[in-house]
Every structure is written in C-alpha cells, then in structure tokens.
Amino acid sequence: QVQLVESGGGLVQTGGSLRLSCAASGSIFSINAMGWYRQAPGKQRELVARITSGGSTNYADSVKGRFTISRDNAKNTVYLQMNSLKPEDTAVYYCNADLKETIMTKRRDYWGQGTQVTVSS
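A.B. asks: What's the story with the pairing of strand β4 (residues 30–39) in this structure? I'm lost.
C.D. replies: The side chains of a regular strand alternate between the sheet's two faces. Pairing analysis gives nine bridges linking β4 to strand β9 (residues 91–100), with the strands arranged antiparallel. By the bridge assignment for β9, Ser30 is matched with Lys100. Inspection of the sheet shows β4 paired to strand β5 (residues 46–52) by six bridges, in the antiparallel sense. Across the sheet, the residue bridging to Tyr37 is Leu47, located in β5. In this structure, the hairpin formed by β4 and β5 is closed by a connection of six residues, where Gly42 is found at a positive phi of approximately 75 degrees.

This is the structure:
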C-alpha cells in the first residue's frame, strides 16, 4: 500500500506564493521520479514539474522561472514552490510518483488525491 498525500493548497492573490508538499508513505523500495500535474475545469491534465531520482528537473513552459520543484529523499517528499502566481495557475494539483514498492515489483505510477490552488485577480 502506497499513499501520496498533498498539502499546501489554498487561495492566494495574483503575484502571491504558495508551497505544495507531497509525502509518499507505505511500502516504498525506490522512487524513480516524482512530479506535479494540474487540471483546471474543462481542461486536460498537464505536467507542471517533475524531478527524477538523479535530480534532473523539467517544467511546463508556462511555469518556468516561477515554479521550483525540489525533493527530500529521506522523507520521500516532493515540494513545489510557486511564486508570481497568476489566475491561469488555478487548478487542482496532483502529486505523482513513479516507484517500486518492493525489490520484486515493477515500477508503476501512484497519484495523490489532489489539492486545490486558486489564484484570484
């Protein structure tokens, strides 16, 4: 059993900042990568940011220079620091983890329940 729990969402004004956290718990042997996706009503889910076990990162063009993804491997936790927020950042943000539960299992994706981020103009 693996659980991904997001926190840190909320309501902020345009130009404000917010930091999201996602903690993975349960049976975890290794984590290949963790990331953040978001989905606004009527829109497709999109990748926001991702970080690999080696520390490589990638970002959506729309958030480059404003968002920073980081990790705490000891805590199996990933963070998303969001600065200079815009109304178009409003969405439900979902944590994703690509991990192995045990040495004998294959890697697979796990998802958090989502946390709402609302940016008011």
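A.B. asks: Sorry if this is basic, but what is going on with the nonpolar core here?
C.D. replies: Considering soluble globular proteins, one finds that nonpolar side chains tend to be buried as a cluster. In terms of nonpolar packing, the biggest core is built from 28 residues, with Trp36, Leu80, Met82 and Tyr93 touching the most fellow members. Looking at this core, the elements with two or more residues in it are β1 (2–7), β3 (18–26), β4, β5, β7 (67–72), β8 (77–82), β9 and β11 (115–120). Examining the composition of this core, we find that five residues originate from one element, β9, more than from any other.

Calculation notes
- Residues numbered from 1 in each chain as written.
- Predicted model: local features only at pLDDT ≥ 70, side-chain atom pairs only at ≥ 80, totals over all residues.
- Heavy atoms only, no water.
- Pairing = 2+ DSSP bridges.
- Helix = DSSP H or I, 4+ residues; strand = E, 2+ residues; numbered from the N terminus.
- Core = buried A, V, L, I, M, F, W, Y, C linked by side-chain atoms within 4.5 Å.
- Buried < 20%, exposed > 50% of the residue type's maximum accessible area, 1.4 Å probe, protein only.

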